[in-house]
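This is what each chain is made of:
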Amino acid sequence: MTPDYALLARQLAALLDTRDWLTNSAQACAFLRQEIPALNWAGFYLQREPEMLSLGPFQGKPACHPIPFDKGVCGAAARTRQTQRIDDVHAIADHIACDAASNAELVVPIVTGDRLWGVLDLDSPLRGRFTAADQAGIEALMAVFVERTDLE
Ligand code: SME
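Residues numbered from 1 in each chain as written. Predicted model: local features only at pLDDT ≥ 70, side-chain atom pairs only at ≥ 80, totals over all residues. Heavy atoms only, no water.

S.K.: Explain the overall build of the protein chain here, please?
M.R.: Along the backbone of the protein chain there are 4 helices and 8 strands. Ordered by position from the N terminus, the helices and strands of the protein chain form the series α-β-α-β-β-β-α-β-β-β-α-β. Its C-alpha atoms give the protein chain a radius of gyration of 14 Å, near enough to 15 Å, the size a compact globule of 152 residues would have. Taking the principal axes of its C-alpha atoms as reference, the protein chain extends roughly 40 × 35 × 25 Å. Out of the 152 residues in the protein chain, the part that is buried amounts to 48%. Total accessible area on the protein chain stands at roughly 7100 Å², and carbon and sulfur atoms take up 51% of it. Distance between charge centroids for the protein chain: 1 Å, based on 13 positive and 20 negative side chains. (Helix = DSSP H or I, 4+ residues; strand = E, 2+ residues; numbered from the N terminus. Rg over C-alpha atoms; globule rule 2.2 N^0.38 Å. Buried < 20%, exposed > 50% of the residue type's maximum accessible area, 1.4 Å probe, protein only. Areas by Shrake-Rupley, 256 points an atom, 1.4 Å probe, with all protein chains shown as cover. Lys, Arg positive; Asp, Glu negative; His and termini not counted. Charge placed at Lys NZ, Arg CZ, Asp CG, Glu CD.)

S.K.: What's the story with the packing of aromatic side chains in this structure? I'm lost.
M.R.: Aromatic ring pairs are described here by two measures, namely the spacing of the ring centres and the angle between the planes. The full count for this structure, using the stated rule, is 6 aromatic pairs. An angle of 70° between the planes, with centres 6.1 Å apart, marks the rings of Trp21 and Trp117 as edge-to-face. Linking Trp21 in helix α2 (residues 21-35) with Trp117 in strand β7 (residues 115-124), this pair joins segments that are 96 residues apart in sequence. Here Trp117 falls in the buried class, since its relative accessible area comes to 3%. Taken together through their ring pairs, the aromatic side chains of Trp21, Phe44, Trp117 and Phe145 make up a single cluster. (Phe/Tyr/Trp six-rings, centres within 6.5 Å; stacked < 30°, edge-to-face > 60°.)

S.K.: Explain the site of the ligand to me, please; I cannot follow it from the model alone.
M.R.: Looking at the ligand, there are 13 residues lining it, with Val73, Cys74, Ile96, Cys98 and Asp123 nearest. With respect to the ligand, the backbone of Cys74 contributes an N or O atom lying 2.8 Å from an oxygen atom. Contact distances for the ligand include 3.4 Å between an oxygen atom and a side-chain N or O atom of Asp121. For the shell around the ligand, the secondary-structure elements that each account for two or more residues are β2 (41-49), α3 (72-80) and β7. The biggest single contributor to the shell around the ligand is α3, with 3 residues. (Near = heavy atom within 4 Å. Polar contact = N/O pair within 3.5 Å; in protein donor to acceptor, adjacent residues only side chain to side chain.)

S.K.: Hey, could you run me through the pattern of salt bridges in this one?
M.R.: In a structure, side chains of opposite charge can pair up when their charged atoms sit close to one another. Under the counting rule described, the total for this entry stands at 4 salt bridges. The partner of Asp99 in a salt bridge is Lys61, and the shortest N-O contact between them spans 3.9 Å. With Asp99 in the loop between β5 (84-86) and β6 (104-112) and Lys61 in the loop between β3 (52-60) and β4 (67-68), the pair connects residues that are 38 residues apart, well separated along the chain. (Salt bridge = Lys/Arg side-chain N within 4 Å of Asp/Glu carboxyl O.)

S.K.: I'm lost on the side chain of Asp134 in this one. Help?
M.R.: With respect to the helices and strands, Asp134 occurs in helix α4 (residues 132-147). Under the relative-accessibility criterion, Asp134 is labelled buried at 2%. Of note is the side chain of Asp134, whose polar atom sits 2.9 Å from the side chain of Thr131. In this structure Asp134 touches Thr2, Pro3, Tyr5, Leu106 and Arg129, once residues within four positions along its chain are discounted. (Contact = heavy atoms within 4.5 Å.)

Encoded structure:
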């Protein structure tokens, strides 16, 4: 089930040829939704005001907005600037249930300089969907995104 993340990193680098954050984030989440198996939601939340995440480009069902830093898995990623890899979101007390189909979640913070730009959120209907290898692979893909994009 683990995709070839080195190949995906090369493909993503080729896809992100605009440096524009809006175009690149739209392309990146569409690419992830297509290429990573067993996802039901892939998208970005952006920090556009202090301590708050706003819904950005995504692929999937309409989602929760806004998310304060002190709420949910996305808030924890934003607050701690650490990737959150959750096998079963129903075991997380303050998980924000946008879609009842979601069971596992991976949230990667996106930092530029000393500023948290936003987070990437991936949801899966499969419990335990995201392995440590997936985490490392997705973090590497987000490093490509940061390198190829002018983040405002
Ligand atoms: N479940 C997330 C909210 C975002 S949706 O899954 C798209 C959370 O607890 O932060």
